[in-house]
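One letter stands for each residue in the lines below.
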Amino acid sequence: MSRQYIDCREYPSTMNCSVALSADTESELLDAAVQHAVAVHGHTDTPELRKQLAGMFKTGTPPLQTSPAQKVPA
């Protein structure tokens, strides 16, 4: 299985989070992404959140630089 990642820089947020997570397995990445979403972004760990996060996974490793997502108005 190839490495997968999720990168907060690619998704708009009010905090402009710059965290990127990667792992060798989808389950490991999902656990880390859920922990981050709950602890940092204030989400609740639900099946819907897990499904949404898993749908954002990409194959490979996060790029060193990415175009920042546009800030969401508060």
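For the structure itself, look to the data block above.
Residues numbered from 1 in each chain as written. Predicted model: local features only at pLDDT ≥ 70, side-chain atom pairs only at ≥ 80, totals over all residues. Heavy atoms only, no water.

Student: Could you give an account of the pattern of salt bridges, with specific residues and numbers?
Tutor: Evaluation of the coordinates by the stated rule reveals five salt bridges. Notably, a salt bridge pairs Asp24 with Arg3, separated by 2.6 Å at the nearest N-O pair. Highlighted residues: Asp24 in the loop between strand 2 (20–23) and helix 1 (26–39) and Arg3 in the segment before strand 1 (4–7), separated in sequence by 21 residues. Judged by relative accessible area, Arg3 falls into the partly exposed class, the value being 32%. Between Lys58 and Glu10 there is a salt bridge, and its shortest N-O distance comes to 2.7 Å. On the criterion of sequence distance, the pair formed by Lys58 in strand 3 (residues 58–59) and Glu10 in the loop between strand 1 and strand 2 is long-range, its members being 48 residues apart. Within the structure, one salt-bridge network assembled from shared partners comprises Asp31, Asp45 and Arg50. (Salt bridge = Lys/Arg side-chain N within 4 Å of Asp/Glu carboxyl O. Helix = DSSP H or I, 4+ residues; strand = E, 2+ residues; numbered from the N terminus. Buried < 20%, exposed > 50% of the residue type's maximum accessible area, 1.4 Å probe, protein only.)

Student: An account of the nonpolar core is requested, with residue identities and associated values reported.
Tutor: Ile6, Ala23, Leu29, Leu30, Ala33, Val34, Ala37, Leu49, Leu53 and Phe57 form the largest nonpolar core, which has 10 residues in total. Of all the secondary structure elements, the ones that give two or more residues to this core are helix 1 and helix 2 (47–54). If you tally residues by element for this core, the top one is helix 1, at five residues. (Core = buried A, V, L, I, M, F, W, Y, C linked by side-chain atoms within 4.5 Å.)

Student: Can you break down helix 1 residue by residue, with the values?
Tutor: For helix 1, spanning 14 residues, the distance from its first C-alpha to its last is 20 Å, which sits close to the expected 20 Å at 1.5 Å a residue. Restricting attention to buried positions, one finds in helix 1 the residues Leu29, Leu30, Ala33, Val34, His36 and Ala37. Projected onto a plane normal to the axis of helix 1, the buried residues spread over an arc of 165 degrees and lie on a single side. Opposite its buried face, helix 1 presents the exposed residues Ser27, Gln35 and Ala39, each directed more than 90 degrees away. At its buried positions, helix 1 is contacted by strand 1, strand 2 and helix 2. (Expected span 1.5 Å × (residues − 1). Arc of directions from axis to C-beta. Contact = heavy atoms within 4.5 Å.)

Student: Can you break down the sheet that holds strand 2 residue by residue, with the values?
Tutor: Spatially, 2-1-3 is the arrangement adopted by the three strands of the open sheet, whose pairing is antiparallel. The open sheet has two edge strands with one neighbour each: strand 2 and strand 3. The pairing of strand 1 with strand 2 spans four bridges and is classified as antiparallel. When the sheet's bridge partners are listed, Asp7 is paired in strand 2 with Ala20. Lying over the sheet, helix 1 contacts strand 1 and strand 2, oriented at roughly 155 degrees with respect to strand 2. (Pairing = 2+ DSSP bridges. Axes fitted to C-alpha atoms, helices over the stretch in contact; angles between N-to-C directions.)

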